[in-house]
Amino acid sequence: MSPDVLVQERSAPGSFHTTESLPVPRRRSYWREALSQTFGAVDMTVPDEVYSGTIRTAPLGRLQAVTVDGDCLSALRTRRLVTQGREDEYVVVKLLDRGVARLEQDGREVVLGPGEIFVYDMARPVRLNLPQSFRTKSLVIPRDVLGLSESDMTHVTASPLGPDTPLGGLLSPFLAGLVDGAGTYSPHTSERMARNVVDLLGVLAGEVLGRSNADTPAGNRALLLRIQAFIDRHLADPDLTPQAIARAHRISLRYLHKLFESEDATVGRWIQRRRLEECRRDLASRANGTTISAVAHRWGFSSAAHFSRAFRATYGMAPREWRDTQGLAS
């Protein structure tokens, strides 16, 4: 993608653009317009013959997730363009999922390959060239939530993290899964995942600045956040167990439990807590039609009786009482 300036203000929860159904002569003009609507103030160059292009955006709390598939393009954000719009309020964290790219910012020029993660700042000039068919998955993040100094930010930009590094190997699949799932999470989960992303960017910055590596607490935090995202994606699976989670991430059960020592719950209790939160939300929003048993099974509880006991122990009332209370409140 080109600078995922993606700052569509953002009245719509998400967007989708594709050239697929258009006749070939109309595709180039449509694609340029779609890129402009999505990416804001950048000079775009696209080939004369555009055969395919797709842009998907979805919200993730205050962040925005963007997936772009395209033939090739080049994007330049000049100092003049920086001063014209509001895109300077955003930083882009990008995974190059397919293709190659060349990025220039803050006096550095890097060539990127598949699986590499990189950062660029919309507050300063940037050039991104994607010379062949590509796919990128990006998160557009408001600067005010990052907590990075201006000096640190200038060192993080155009400093890629490869998939063959310990931290890059953790972050690449996490970022890809997060972008793919954006728009499907509940508002509560989206806000929590957005906070996790900010934590991860701090880990990434620390790695680039030489302040941490994957064997430090920061690296452990990255893995923990990836596992928590995995749990959220598989809550509906009744076979989601600590053993299954450890196998999926190729770590020992003991190490998995060690990672959760920093949380106020064991792995099993974390899973149950997240399931109860989703059930509680569903019971409040689906008061008419869906049975309590169906809600419990939807979120991975194999026994309605066990769900009711766990719900009462956590929230101090039975699921039916909670649902009835929400019905009265509405």
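Residues numbered from 1 in each chain as written. Predicted model: local features only at pLDDT ≥ 70, side-chain atom pairs only at ≥ 80, totals over all residues. Heavy atoms only, no water.

### Points about the pattern of salt bridges
(1) Moving on: Using the criterion set out here, one finds 16 salt bridges in the structure.
(2) Moving on: Asp69 is the salt-bridge partner of Arg98, the closest N and O atoms lying 3.7 Å from each other. Taken together, the residues Arg98 in strand S6 (residues 90–98) and Asp69 in strand S4 (residues 63–70) connect sequence positions 29 residues apart.
(3) Moving on: Here Arg98 falls in the partly exposed class, since its relative accessible area comes to 30%.
(4) Moving on: Two residues, Asp106 and Arg124, come together in a salt bridge whose shortest N-O distance is 2.7 Å. On the criterion of sequence distance, the pair formed by Asp106 in the loop between strand S7 (101–105) and strand S8 (108–112) and Arg124 in the loop between strand S9 (117–121) and strand S10 (126–130) is long-range, its members being 18 residues apart. (Salt bridge = Lys/Arg side-chain N within 4 Å of Asp/Glu carboxyl O. Helix = DSSP H or I, 4+ residues; strand = E, 2+ residues; numbered from the N terminus. Buried < 20%, exposed > 50% of the residue type's maximum accessible area, 1.4 Å probe, protein only.)

### Some words on the pairing of S6
(1) Moving on: For S6, the tally of buried residues reaches 7 of 9 residues, placing the bulk of the element in the interior.
(2) Moving on: As judged from the 8 bridges shared by S6 and strand S11 (residues 134–142), these two strands associate in the antiparallel manner. In the strand pairing of S11, Leu96 is matched with Thr136.
(3) Moving on: Across 5 bridges, S6 lies against S9 in antiparallel orientation. Counted as the bridge partner of Leu95 is Ile117 from S9. (Pairing = 2+ DSSP bridges.)

### With respect to the confidence of the model for the chain
(1) Moving on: The predicted model of the chain averages 82 in pLDDT, with 87% of residues at 70 or higher.
(2) Moving on: Within the chain, no element has a lower average pLDDT than helix H5 (residues 187–208), which sits at 72, and none a higher one than S7, at 95.
(3) Moving on: Contacts for the low-pLDDT stretch residues 1–12, under 50 throughout, to residues beyond four places or in other chains number 54 contacts.
(4) Moving on: Across residues 212–216 the pLDDT falls below 50, and counting only partners more than four positions away or on other chains, this stretch makes 11 contacts in the model. (pLDDT = per-residue confidence, 0-100. Contact = heavy atoms within 4.5 Å.)

### Quick word on the sheet that holds S10
Strands belonging to one sheet form pairs held by backbone hydrogen bonds; the direction of such a pair is parallel or antiparallel.
(1) Moving on: Pairing is antiparallel in the open sheet, where 5 strands are placed in the order S2-S5-S10-S7-S8. Across the chains shown, the open sheet's two edge strands, defined by having one partner strand only, are strand S2 (43–45) and S8. This sheet shows a mean twist of 10° between the axes of neighbouring strands, independent of strand direction.
(2) Moving on: Bridge count for S2 against strand S5 (residues 73–77) is 3 bridges, and the pairing is antiparallel. Directly across from Met44, in S5, lies its bridge partner Ala75. (Axes fitted to C-alpha atoms, helices over the stretch in contact; angles between N-to-C directions.)

### Notes on the packing of aromatic side chains
(1) Moving on: Scanning the model with the defined rule gives 5 aromatic pairs in all.
(2) Moving on: Seen in terms of ring centroids, Phe260 and Trp270 are 6.0 Å apart; in terms of plane orientation they differ by 70°. Their pairing is edge-to-face. On the criterion of sequence distance, the pair formed by Phe260 in the loop between helix H8 (253–259) and helix H9 (267–285) and Trp270 in helix H9 is long-range, its members being 10 residues apart. Across the pair, Trp270 and Phe260 agree in class, each one buried.
(3) Moving on: Note on Phe301 and Phe307: the rings are 5.1 Å apart at their centroids and 55° apart in plane angle, and the pair reads as tilted. Taken as a pair, Phe301 and Phe307 share a single burial class, namely buried.
(4) Moving on: Grouping aromatic residues by their ring pairs yields a cluster made of Phe301, Phe307, Phe311 and Tyr315.
(5) Moving on: In this arrangement the basic side chain of Arg280 is found over the ring face of Tyr315, its NZ or CZ atom lying 4.6 Å from the centre.
(6) Moving on: Lying over the aromatic face of Trp322, Arg280 brings its terminal NZ or CZ to 4.1 Å of the ring centre. (Phe/Tyr/Trp six-rings, centres within 6.5 Å; stacked < 30°, edge-to-face > 60°. Lys NZ or Arg CZ within 6 Å of the ring centre and 35° of its normal.)

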